[in-house]
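Structure at a glance
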Amino acid sequence: MKIAILKERRNGETRVAATPDTVKKLVAGGHDIRIEKGAGDAASLPDNAYEAAGAKTGTLAATLKGADAIFCVRAPDDATLAKLPKGILLVGQIEPHGNKALAKVLADAGIDSLAMEFTPRITRAQAMDALSSQSNLAGYRAVIEASGLYGRAFPMMMTAAGTIAPAKAFVMGAGVAGLQAIATARRLGAMVSATDVRPAAKEQVASLGAKFIAVEDEEFKAAETAGGYAKEMSAEYRAKQAELVAAHIAKQDVVVTTALIPGRPAPKLITKKMVEAMKPGSVIVDLAAAMGGNCELTKADEVVEHQGVKIAGYANLPGRLAADASALYAKNLVNLLPLLVAEDGAKAPQWEDEIIAAMAITRDGKIVHDTLK
Ligand code: NAD
């Protein structure tokens, strides 16, 4: 298969969908890899490293010429989409729920597409699961960002000049990102607590040595979908949760929020009033910024300060670890490849396979994903 890797055009996107490492694997598998010049620059992956791995680098037009498929991090911009040949297969984190017009544009242009964020949460698909590979890094980076913004140390330090108290960190949402945030904050020496609406999270939080805090009523016991995600909670539950969180958050130094519900705006868990109850110098890092934020005061891609509390809304935290995030994402794509080709390496997506069926957005000029029809 002839695979094109384009330079990401979204503002601030530093990641790339292939690395010299994955190019080597793809070329060894008999595939023809074309990389748009400069595609890896922001991830410290120069063109010559791709060339040494066996890829051909060139202009956008040269990269697209004769390509069977495009591997990308985010959906290409409109100008690039207009240049894609009919029948090409686009694979990437194309955010079909965040950009509802895109599915129609792709269908009308006859572009077949697979959304990496729809990889099903089944054991067989774990190695292809980009949401997990990127969320894990985001959770780590959120705590590193918090430690940079926090004007104090995380661990307890007993020195001749006096004792520094450990930071109190609270993680809201204990999925992939939240669990990594808990582990990272613990490694830095903070006293960590966490909350979630899924009962399964309780044991996972405890296993990392953090305290679990949640409203554990009947609704909580049924809050996990068959797919492993959280349901949107009722207004009644949210009110009880807000009361519990308000009391807890006022005592925290660092809060990392990661709560998401697939296809829905992020739940608002921290009100302006709760922020005002926090101590000056405290820090909130909101990983849900791109989906509207878990905090009422979050602004995407900004660090805002309200009454001495800093609220960071970095919308692309994996992009702040571009080299590692690209390496894992590119491996997710390589792991998906066997489901996209026939034995001889020619393009042949296995549309009936449950993984591809779950990820398919458009095929043969039609929108095929149930949630987008
Ligand atoms: P996510 O990014 O969709 O959401 C982050 C967390 O926010 C989740 O834990 C969710 O329960 C929580 N949340 C949602 N609403 C909330 C609220 N109102 N208050 C507090 N917390 C709230 O989740 P994710 O990281 O993608 O993980 C979801 C689940 O899927 C986890 O159990 C994870 O372990 C599981 N998972 C399974 C596989 C697999 O089996 N292959 C792969 C990845 C993740």
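Notes on the structure follow. Every value quoted in this text rests on a predicted model; they were computed, and no experiment measured them.

1. Some details on the nonpolar core
Residues Ile 5, Ile 35, Phe 71, Val 91, Leu 114, Leu 336 and Leu 340 are the most contacted members of the largest nonpolar core, which totals 40 residues. In terms of residues, this core owes the most to one element, helix 12 (residues 322-336), which gives five residues. Ala 146, Ala 177, Ala 201 and Val 285 belong to the second-largest nonpolar core, a separate cluster that totals 38 residues.

2. Regarding the side chain of Glu 13
Relative to the helices and strands, Glu 13 is located in the loop between strand 1 (2-5) and helix 1 (20-28). You can call Glu 13 buried: its relative accessible area is 8%. There is a polar contact of 3.1 Å between the side chain of Glu 13 and the side chain of Arg 74. With near-sequence residues (within four places) excluded, Glu 13 lies in contact with Glu 8, Val 73, Arg 74 and Asn 316.

3. As for empty space enclosed by the protein
Counted according to the given criterion, the structure contains one cavity of 30 Å³ or more. By volume, the largest cavity is sized at about 70 Å³. Surrounding the largest cavity, Leu 6, Lys 7, Glu 8, Arg 9, Arg 10, Cys 72, Arg 74, Ala 75, Pro 76 and Thr 80 form its lining. By residue class, the composition of the lining of the largest cavity is four nonpolar, one polar and five charged.

4. Observations regarding the sheet that holds strand 15 (residues 309-312)
Here seven strands make up an open sheet; going across it, the order is 11-10-9-12-13-15-14 and the pairing mixed. Each edge of the open sheet is held by one strand with a lone partner, namely strand 11 (211-212) and strand 14 (303-306). Both strand 10 (residues 191-195) and strand 11 contribute to a ladder of two bridges, which runs parallel. Across the sheet, the residue bridging to Ala 194 is Phe 212, located in strand 11. Against the sheet, helix 10 (residues 235-249) makes contact with strand 9 (168-172), strand 10 and strand 12 (254-257), and its axis sits at roughly 160° relative to strand 9, the strand it touches most.

5. Some remarks on the site of the ligand
Neighbouring the ligand are 21 residues; Arg 121, Val 176, Asp 196, Arg 198 and Gln 241 lie closest to it. Arg 198 has a polar side-chain atom sitting 2.7 Å from an oxygen atom of the ligand. The separation between an oxygen atom of the ligand and a polar main-chain atom of Leu 260 is 3.5 Å. In isolation the ligand has 830 Å² of accessible area, and contact with the protein removes 87% of it. Taken together, the residues of the shell around the ligand break down into ten nonpolar, seven polar and four charged.

6. Some words on the pattern of salt bridges
Within this structure, the stated rule accounts for 22 salt bridges. Residue Glu 36 is joined to Arg 9 by a salt bridge in which the shortest nitrogen-to-oxygen separation is 2.6 Å. Of this pair, Glu 36 sits in strand 2 (residues 32-36) while Arg 9 sits in the loop between strand 1 and helix 1; the two residues are 27 residues apart in sequence, bridging distant segments of the chain. In this structure Glu 36 comes out as buried when scored by relative accessible area, which is 8%.

7. Observations regarding the sheet that holds strand 6 (residues 112-115)
With respect to topology, eight strands assemble into an open sheet ordered 3-2-1-4-5-6-16-17, the strand pairing being mixed. Only two strands of the sheet have a single neighbouring strand rather than two, namely strand 3 (56-58) and strand 17 (366-367). The pairing of strand 1 with strand 4 (residues 69-74) spans three bridges and is classified as parallel. Paired with Ile 3 across the strands is Ala 69, a residue of strand 4.

8. What about the environment of Gly 313?
Here Gly 313 is to be found in the loop between strand 15 and helix 12. With a relative accessible area of 0%, Gly 313 lands in the buried category. Taking C-alpha positions, Gly 313 is 7.5 Å from Gly 293, a pair spaced 20 residues apart along the chain. Apart from residues no more than four positions distant in its own chain, Gly 313 is found in contact with Asp 286, Ala 289, Thr 298, Lys 299, Ala 300, Asp 301 and Glu 302.

9. A closer look at the packing of helix 6 (residues 130-149) against helix 7 (residues 176-187)
Close contact between helix 6 and helix 7 brings their axes to 7 Å; oriented N to C, the two are set at 35°. Helix 7 is crossed by helix 6, and the crossing has right-handed handedness. Contacts between helix 6 and helix 7 involve Ser 132, Ser 135, Asn 136, Gly 139, Tyr 140, Val 143 and Ile 144 on the former and, on the latter, Val 176, Ala 177, Gln 180, Ala 181, Thr 184 and Ala 185. In terms of residue class, the contact of helix 6 with helix 7 is built from seven nonpolar, six polar and no charged.

10. Digging into the layout of surface pockets
Looking at the second largest pocket, its volume works out to about 220 Å³. Elements with a minimum of two residues in the lining of the second largest pocket: helix 4 (78-81) and helix 5 (100-108). Looking at the lining of the second largest pocket element by element, the count peaks at three residues for helix 5. For the lining of the second largest pocket, the per-class residue count stands at seven nonpolar, two polar and five charged.

Conventions used here
Residues numbered from 1 in each chain as written. Predicted model: local features only at pLDDT ≥ 70, side-chain atom pairs only at ≥ 80, totals over all residues. Heavy atoms only, no water. Core = buried A, V, L, I, M, F, W, Y, C linked by side-chain atoms within 4.5 Å. Buried < 20%, exposed > 50% of the residue type's maximum accessible area, 1.4 Å probe, protein only. Helix = DSSP H or I, 4+ residues; strand = E, 2+ residues; numbered from the N terminus. Polar contact = N/O pair within 3.5 Å; in protein donor to acceptor, adjacent residues only side chain to side chain. Contact = heavy atoms within 4.5 Å. 1 Å grid on protein atoms, 1.4 Å probe; cavity = no way out; pocket = protein on both sides within 12 Å on 5 of 7 lines; lining within 4 Å. Points joined across faces, edges and corners; volume = space filled by probe spheres on them. Nonpolar A, V, L, I, M, F, W, Y, C, P; charged D, E, K, R; others polar. Pairing = 2+ DSSP bridges. Axes fitted to C-alpha atoms, helices over the stretch in contact; angles between N-to-C directions. Near = heavy atom within 4 Å. Areas by Shrake-Rupley, 256 points an atom, 1.4 Å probe, with all protein chains shown as cover. Salt bridge = Lys/Arg side-chain N within 4 Å of Asp/Glu carboxyl O. Left-handed = near helix turned anticlockwise from the far one by under 90°.

On their own, these measurements won't tell you what the molecule is for.
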